[in-house]
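Analysis of the macromolecular model
Each chain, letter by letter, is given below.
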Amino acid sequence: MNLENIRVVLIETSHPGNIGATARAMKNMGLKELVLVNPKYFPHDNATERAGGADDILANALIVDDLKTAIADCELVMGTSARERSLPWPSCDPRQAAEKISPVSHQANVALVFGRERTGLFNEELHVCHWHIIIPTNSEYSSLNLAAAVQVICYELRMTDMITIPLQEQFEWATADEMQAFYCELEKVLTHIKFYKPELPRQLLPRMQRLFNRARLEKNEMTLLRGIFAKILRTTVNY
Ligand code: SAH
């Protein structure tokens, strides 16, 4: 595990106290990189207060406008949510997540994405993630406080960090922004051959996203598929 390559992304946090408590949870467990997507109030005294001695994490936090920018250079993106979705995403618990993250973190950036206090992660945000981490909780009261959820996941990363997981063969994975470009081309080609009809979407695009995220494309596999798309666009006649 290389905790330095693991970034925590908080989306549109309403309560600055939660940002501070997140910084503290991260520093306790040895993580450093915090990215805030459109925080409602930041910087803020409540954030500094709750951070305690982790104010260096707040000082270095990056503020960005959208999730896409926050995860652009990441090769593994994990979303967190208490809720199962109507289109279920590949899911795991925090311990399994730590085992998946560990080998990747040695060679690439990894993002852990957390949602809003009231409304959590939107489906479109979960759909850019390779995995959906669900912290197992009481089904009648399943949602943790935001910073508590960050704490649980960072704790599992630390626990996994303490046992050595052998390094896996090194792959060059496609990054999140490369995958974004890939999905745009996929949509273009599926529309062109009229397999995808924007007026009747039937969740085709998120299903495709789920398939390719589950497969996790290597850079050269993605290039190969993009080459195939380009050829289809050039050679198919409109029908
Ligand atoms: N009412 C929101 C809950 C938001 S809690 C909802 O329905 O989704 C704030 C954030 O904490 C969530 O977006 C998620 O990132 C994290 N979180 C809270 N409970 C969690 C759980 N049981 N498993 C995984 N993440 C959780």
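Residues numbered from 1 in each chain as written. Predicted model: local features only at pLDDT ≥ 70, side-chain atom pairs only at ≥ 80, totals over all residues. Heavy atoms only, no water.

This part takes up the pattern of salt bridges. Applying the stated criterion to the full structure yields 9 salt bridges. The salt bridge involving Arg 116 is made with Glu 12; its shortest N-O contact spans 2.8 Å. Linking Arg 116 in the loop between β6 (109–114) and α6 (123–126) with Glu 12 in the loop between β1 (6–11) and α1 (16–29), this pair joins segments that are 104 residues apart in sequence. When its relative accessible area of 10% is taken as the criterion, Arg 116 is described as buried. Sharing partners across several salt bridges, the network here consists of Arg 7, Glu 33 and Asp 73. (Salt bridge = Lys/Arg side-chain N within 4 Å of Asp/Glu carboxyl O. Helix = DSSP H or I, 4+ residues; strand = E, 2+ residues; numbered from the N terminus. Buried < 20%, exposed > 50% of the residue type's maximum accessible area, 1.4 Å probe, protein only.)

Before going further, it helps to examine the nonpolar core. If you look at the biggest cluster of nonpolar residues, it comprises 39 residues, and the most contacted ones within it are Leu 31, Leu 34 and Leu 112. Looking at this core, the element that brings in the most residues is helix α7 (residues 146–162), giving 6 residues. With near-sequence residues (within four places) excluded, Leu 112 lies in contact with Ile 6, Arg 7, Val 8, Val 9, Leu 31, Met 78, Ile 101, Ile 133, Ile 153 and Leu 157. (Core = buried A, V, L, I, M, F, W, Y, C linked by side-chain atoms within 4.5 Å. Contact = heavy atoms within 4.5 Å.)

By nearness alone, 20 residues border the ligand, and Thr 80, Arg 83, Arg 118, Ile 135 and Leu 144 come closest of all. Here Thr 80 contributes a side-chain N or O atom positioned 2.6 Å from an oxygen atom of the ligand. Within the contact set of the ligand, a nitrogen atom lies 2.9 Å away from a backbone nitrogen or oxygen of Ile 135. Contact with the protein chains covers 91% of the free accessible surface of the ligand, which is 540 Å². The pocket occupied by the ligand, as judged from atoms lying within 2 Å of grid points, is the largest pocket. Of the residues assigned to the shell around the ligand, the class counts are 9 nonpolar, 7 polar and 4 charged. (Near = heavy atom within 4 Å. Polar contact = N/O pair within 3.5 Å; in protein donor to acceptor, adjacent residues only side chain to side chain. Areas by Shrake-Rupley, 256 points an atom, 1.4 Å probe, with all protein chains shown as cover. 1 Å grid on protein atoms, 1.4 Å probe; cavity = no way out; pocket = protein on both sides within 12 Å on 5 of 7 lines; lining within 4 Å. Sits in = over half its atoms within 2 Å of the grid points. Nonpolar A, V, L, I, M, F, W, Y, C, P; charged D, E, K, R; others polar.)

Further remarks concern the environment of Ile 135. With respect to the element layout, Ile 135 can be found in the loop between β7 (131–133) and α7. Distance in space between the C-alpha atoms of Ile 135 and Val 8 is 16 Å, their sequence separation being 127 residues. In this view, Ile 135 contacts Pro 94, Leu 144, Ala 149, Val 152 and Ile 153; residues no more than four positions away in its chain are not counted.

Each domain of the chain was delimited in the assignment, giving domain 1 (3–161) and domain 2 (176–235). Relative to domain 2, the C-alpha centre of domain 1 lies at a distance of 28 Å. Of the roughly 1,200 Å² buried between domain 1 and domain 2, counting both surfaces, carbon and sulfur atoms make up 58%. On the surface where domain 1 and domain 2 come into contact, there are 0 salt bridges. Where domain 1 packs against domain 2, one counts 7 residue pairs in polar contact (both at pLDDT 80 or more). Sorting elements by how many residues they give to the side of domain 1 that touches domain 2 places strand β4 (residues 74–80) first, with 4 residues. (Domains from an automatic or database assignment. Buried area = accessible area lost by both parts, 1.4 Å probe.)

This part covers helix α8 (residues 176–192). Here α8 spans 24 Å end to end across 17 residues, near enough to the 24 Å set by a 1.5 Å rise per residue. Looking at α8, one finds that the buried residues are Ala 176, Met 179, Phe 182, Tyr 183, Leu 186, Val 189 and Leu 190. For α8, the arc enclosing every buried residue in end-on projection is 130°, short of the 170-degree limit, so these residues lie on one face. Turning to α8, the residues buried within the fold contact α4 (67–71), β4, α9 (204–215) and α10 (219–235). Lys 194 occupies a position one or two residues after α8 and carries a positive phi of about 60°. (Expected span 1.5 Å × (residues − 1). Arc of directions from axis to C-beta.)

Take the packing of aromatic side chains next. Across all of its chains, the model carries 4 aromatic pairs by this definition. Where Phe 182 meets Tyr 183, the ring centres are 5.5 Å apart and the plane angle is 75°; that geometry is what we call edge-to-face. What links up through ring pairs into an aromatic cluster is the set Phe 182, Tyr 183, Phe 212 and Phe 229. Directly above the aromatic system of Trp 131 lies the positively charged group of Lys 100, at a separation of 4.0 Å from the ring centroid. Its guanidinium or amino end placed over the ring of Phe 122, Arg 116 lies 3.7 Å from that ring's centre, counting from NZ or CZ. (Phe/Tyr/Trp six-rings, centres within 6.5 Å; stacked < 30°, edge-to-face > 60°. Lys NZ or Arg CZ within 6 Å of the ring centre and 35° of its normal.)

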